[in-house]
Amino acid sequence: MKETTIAAISTAYGEAGIGIVRMSGPDSLAVLRKVFVPHVCRKSRDAAAGFDYMPRHMYYGQAVAADGSAIDECLAVYMPGPYSYTGEDVVELQCHGSVISYKKILSAFLDAGAVPAERGEFTKRAFMKGKLDLAQAEAVIDLIKARGTKGFECALDQYSGSLSEKVKSIRSGLMDVLVQLTVNMDYPDEDIEQVVYTDLLNRISLIDDEILKLKDSSNEGRILKEGLKVAIVGKPNVGKSSVLNMLLGADRSIVTDVPGTTRDTIEEQIALRGITVCFVDTAGIHESDDKVESIGIERSKDAFNKADLVLLVLDASRELEAEDRQLLELSKGRPVIIISNKQDLIDKPAEKEEKLAAAVETLLGSKADIVRIAAIRGEGLELLEDKIEEFVTGGKVRREDDVIVTNVRHARLLEQAHAELAQAAGMVKAGEAMDFVEVNIRSAFDFLGEIIGETAGDEVLTEVFSRFCLGK
Ligand code: GDP
């Protein structure tokens, strides 16, 4: 069956400087010749129909409808496969950034033989043609949807193939193990020496470590991709609003007007050292501002459930009260940063610090790092930002070449591969037959293959590409 030629509006649907409508497929050039009249053809559609486009050169001219009426002044470029995004013949038409123009050009493409593209179909075709593997294709959507610079950098890294390379190298290690197993199985009568088992176990464990390391990066990856949800809790008047304002004041650049986010669900956002931080449940803060009433333990529980990280604010100038204690107890074993605010009001800081640290330790049941600030003066901001950043990165200094997993699908597959290897290791230890061990290792190999799409079925592909936008 002949491949179709797909067309879609690729730029955002709305007013803009320019817009791009694009096509991919074997008839792209033929359709372009019907719809676009290069300036050098002097308005002759016959001349346009036979025009010889130089690959990857821009042509100025006019887009025309099927009835010959002018649509818009445009720039056209023809990129023959395989040197294109999809690996097929691709055409892009740049027009004025008007919805009228986009729609008319798209209609003209469809009238001339193209069909409307499905969500993510350009990228799906790139995957099918082997231009990208599945992990790289998924990185495309992460690039588009990235909310912070770090998330974007991560996506770009994956798009360039960093995760795929890592997965391929782990799979190649597993393939070596499979080969070794086969050799041993081919000589079943020979006694398999202990040294073979020990060596096998070592190799499985080394590979499993790499899988776990990747999997462990996925929490950080999720936060980089989706943003860190932070709630600020504390009894009234401790300075929650002031802490929020201090953090917001540091960078208001992406606080508003982020397309696709509504003010109802995400109240305030900042970019903190390249990490998007979304403050949840800030309504509670403002409410307690007016009424000076307890925000209530229930509400704080809710905040703990909603947030990735809770900032628990205490007032350094006052003794701990029942509500502070309750909140500290609630924080036990939870992701929390304890803030001792209003440092400017205390005269013997060292003494107070010790006392507070001891009380907090008793209530939390473990030593806690307390961040000392004076929110109203903006003092301690750096320190607080350090702690928040540390929370996301796990306090580890990441090496340049460390790969971070940002995709839930990938994390799940890594988990499954790990479970298979753990089982395989158990069997090797128990001295089970090699062919049993092989089954688990092969499954691990296949799970990893699903990350890059080598062993992914149609359902997975449909699921992945349905999350794309039209025109990508
Ligand atoms: P919230 O009820 O927890 O949101 O507390 P607010 O942020 O509204 O602060 C309560 C009061 O404490 C206000 O009068 C603030 O000006 C004051 N306040 C907040 N932070 C500080 C601080 O670091 N030092 C001092 N001296 N006052 C502060």
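Quantities reported herein were computed from a predicted structural model and do not represent experimental measurements. Per chain, residues are indexed from 1 in the order of the written sequence. The predicted nature of this model means local features are confined to residues of pLDDT at least 70 and side-chain atom pairs, given and counted, to a pLDDT of 80 or more, with totals for whole chains, interfaces and linings taken over all residues. Side-chain numbers here rest on the full set of heavy atoms in the structure, without hydrogens or water.

A word on the sheet that holds strand E11 (residues 309-315)
Link 1 in the chain: By this definition, two strands are paired if DSSP reports at least two bridges between them. Helix and strand assignments follow DSSP, with helices taken as H or I runs no shorter than four residues and strands as E runs no shorter than two, numbered in order from the N terminus. Taken together, 6 strands build an open sheet; the order of strands is E9-E10-E8-E11-E12-E13 and the sheet is mixed. The sheet is open, and its two borders are formed by strand E9 (268-272) and strand E13 (370-372), each paired with just one other strand. On average, each strand axis in the sheet is inclined to that of its neighbour by 30 degrees, with strand direction left out of account.
Link 2 in the chain: Pairing of strand E8 (residues 228-233) with strand E10 (residues 275-279), which is carried by 3 bridges, proceeds in the parallel orientation. Bridge pairing in E10 links Leu228 to Val277.
Link 3 in the chain: The strands touched by helix H13 (residues 322-331) are E8, E11 and strand E12 (336-341); relative to E11, the strand with the most contacts, the crossing angle is about 155 degrees.
Link 4 in the chain: Here a residue-residue contact requires only that any non-hydrogen atoms of the pair lie within 4.5 Å. All axes here are fitted lines through C-alpha atoms, helices being fitted over the stretch that makes contact, and every angle between N-to-C directions spans 0 to 180 degrees. Here helix H14 (residues 349-364) sits on the sheet in contact with E11, E12 and E13, set at roughly 150 degrees to E13.

Focus on the site of the ligand
Link 1 in the chain: Residues are labelled near a given molecule or strand when at least one of their non-hydrogen atoms is within 4 Å of it. The full set close to the ligand counts 17 residues, and Asn237, Lys240, Ser241, Ser242 and Ile376 are the nearest of them.
Link 2 in the chain: Think of a polar contact as two N or O atoms within 3.5 Å of one another; within protein, one of them needs to be a possible hydrogen donor and the other a possible acceptor, and neighboring residues in sequence only count if both atoms come from side chains. Contact between the ligand and Ser242: an oxygen atom at 2.6 Å from a side-chain N or O atom of the residue.
Link 3 in the chain: Separating an oxygen atom of the ligand from a side-chain N or O atom of Lys342 is a distance of 3.1 Å.
Link 4 in the chain: Per-residue and other accessible areas were derived by the Shrake-Rupley procedure at a 1.4 Å probe size, with only the shown protein chains allowed to occlude residues. In isolation the ligand has 580 Å² of accessible area, and contact with the protein removes 78% of it.
Link 5 in the chain: Counting residues per element, the ones that place at least two in the shell around the ligand are helix H10 (240-250) and helix H11 (282-291).
Link 6 in the chain: If you tally residues by element for the shell around the ligand, the top one is H10, at 3 residues.

Things to note about the pairing of E8
Link 1 in the chain: Per-residue accessibility, obtained with a 1.4 Å probe over protein chains only, is compared with the maximum for each type, and a residue is labelled buried under 20%, exposed over 50%, and partly exposed between these values. In terms of burial, E8 is a largely internal element, 5 of the 6 residues being buried.
Link 2 in the chain: Examined bridge by bridge, E8 and E11 share 4 bridges and lie parallel to one another. Along E11, the bridge assignment pairs Ala231 with Val310.

Re a nonpolar patch on the surface
Link 1 in the chain: On the surface, Met58, Tyr60 and Leu75 cluster together to form a nonpolar patch covering roughly 280 Å² of accessible area.
Link 2 in the chain: Relative to the elements of secondary structure, Leu75 occurs in strand E5 (residues 70-79).
Link 3 in the chain: The class for Leu75 is partly exposed, based on a relative accessible area of 31%. Only residues whose relative accessible area exceeds 30% and that form no salt bridge enter a patch; like-charged residues are grouped when within 9 Å of one another, and nonpolar side chains (Val, Leu, Ile, Met, Phe, Trp, Tyr) when within 5 Å. Whenever a carboxyl oxygen of Asp or Glu lies within 4 Å of a side-chain nitrogen of Lys or Arg, that contact is scored as a salt bridge.

Observations regarding the state of the cysteines
Link 1 in the chain: By disulfide we mean two sulfur atoms from cysteines, separated by a distance within 2.5 Å. One pass over the full model with this rule turns up 0 disulfides.
Link 2 in the chain: Note on Cys95: no disulfide assigned, nearest cysteine sulfur contributed by Cys74 at a separation of 5.4 Å.

Things to note about the environment of Asp347
Link 1 in the chain: The residue Asp347 is located in the loop between E12 and H14 in this model.
Link 2 in the chain: Residues Asp347 and Ser317 lie 30 residues apart in sequence; the distance between their C-alpha atoms is 9.1 Å.

Here's the deal with the packing of helix H5 (residues 134-145) against helix H18 (residues 458-466)
Link 1 in the chain: Contact pair H5 / H18: the axes reach a minimum separation of 10 Å and the direction vectors enclose 20 degrees. Relative to H18, the element H5 is oriented roughly parallel. Contacts between H5 and H18 involve Leu134, Ala137 and Glu138 from the former and Val460, Leu461, Val464 and Phe465 from the latter. Each angle gets one of four labels, with under 35 degrees taken as roughly parallel, over 145 as roughly antiparallel, 65 to 115 as roughly perpendicular, and the rest as oblique.

Points about H13
Link 1 in the chain: Those residues of H13 lying buried are Glu323, Asp324, Leu327, Leu328, Leu330 and Ser331. Projected down its long axis, H13 carries its buried residues within an arc of 160 degrees, all on one side. It is the directions from the helix axis to the C-beta atoms whose arc is reported.

Some remarks on the side chain of Gln180
Link 1 in the chain: Relative to the helices and strands, Gln180 is located in helix H7 (residues 162-186).
Link 2 in the chain: Residue classification places Gln180 among the buried residues on the basis of a relative accessible area of 15%.
Link 3 in the chain: Of the polar contacts made by the side chain of Gln180, one reaches the side chain of Arg203; its length is 2.6 Å.
Link 4 in the chain: Excluding its chain neighbours within four sequence positions, the residues that come into contact with Gln180 are Val196, Asp199, Leu200 and Arg203.

Section: the nonpolar core
Link 1 in the chain: The biggest cluster of nonpolar side chains holds 34 residues, and the ones touching the most others in it are Ile441 and Leu448.
Link 2 in the chain: Where this core is concerned, the elements lending two or more residues are H7, helix H8 (194-216), helix H16 (408-429) and helix H17 (434-452).
Link 3 in the chain: Among the elements that make up this core, the one with the highest residue count is H16 (9 residues).
Link 4 in the chain: Throughout this description, the term nonpolar core refers to a set of buried Ala, Val, Leu, Ile, Met, Phe, Trp, Tyr and Cys residues connected via side-chain atoms within 4.5 Å. By size, the runner-up hydrophobic cluster in this structure holds 32 residues, among which are Ile9, Val31, Cys95 and Ile105.

A few points about the environment of Gly274
Link 1 in the chain: Tracing the backbone through its elements, the reader meets Gly274 in the loop between E9 and E10.
Link 2 in the chain: Leave out the neighbours within four places in its chain, and Gly274 touches Gly148, Thr149 and Lys150.

Side note on the sheet that holds strand E2 (residues 18-24)
Link 1 in the chain: Spatially, 7 strands are ordered E3-E4-E5-E6-E2-E1-E7 in an open sheet, and the strand pairing comes out mixed. One side of each edge strand has no neighbouring strand; the edge strands of this open sheet are strand E3 (36-38) and strand E7 (115-116).
Link 2 in the chain: Note: E2 against strand E6 (residues 90-96), 7 bridges, orientation antiparallel. Within the sheet, the bridge partner assigned to Ser24 lies in E6 and is Val90.

Observations concerning unusual backbone geometry
Link 1 in the chain: For the bond from Gly81 to Pro82, the omega torsion is 5 degrees, close enough to zero to count as cis.
Link 2 in the chain: The backbone of Arg42 sits at a positive phi, close to 50 degrees, despite the residue not being glycine.
Link 3 in the chain: Classification of Arg42 by relative accessible area gives exposed; the value is 71%.
Link 4 in the chain: The backbone of Arg56 shows a phi angle near 60 degrees, a positive value even though the residue is not glycine.
Link 5 in the chain: Positionally, Arg56 belongs in the loop between helix H2 (45-49) and strand E4 (58-64).

Quick word on the confidence of the model for the protein
Link 1 in the chain: The predictor's confidence in any single residue is recorded as pLDDT, a number from 0 to 100. On average, residues of the protein score 87 in pLDDT, and 89% of them are at 70 or above.
Link 2 in the chain: This model gives residues 251-266 a pLDDT under 50, and the stretch forms 19 contacts once residues within four places in sequence are excluded.
Link 3 in the chain: Considering only residues more than four positions removed or in separate chains, one finds that residues 286-294, a stretch of pLDDT under 50, has 12 contacts.

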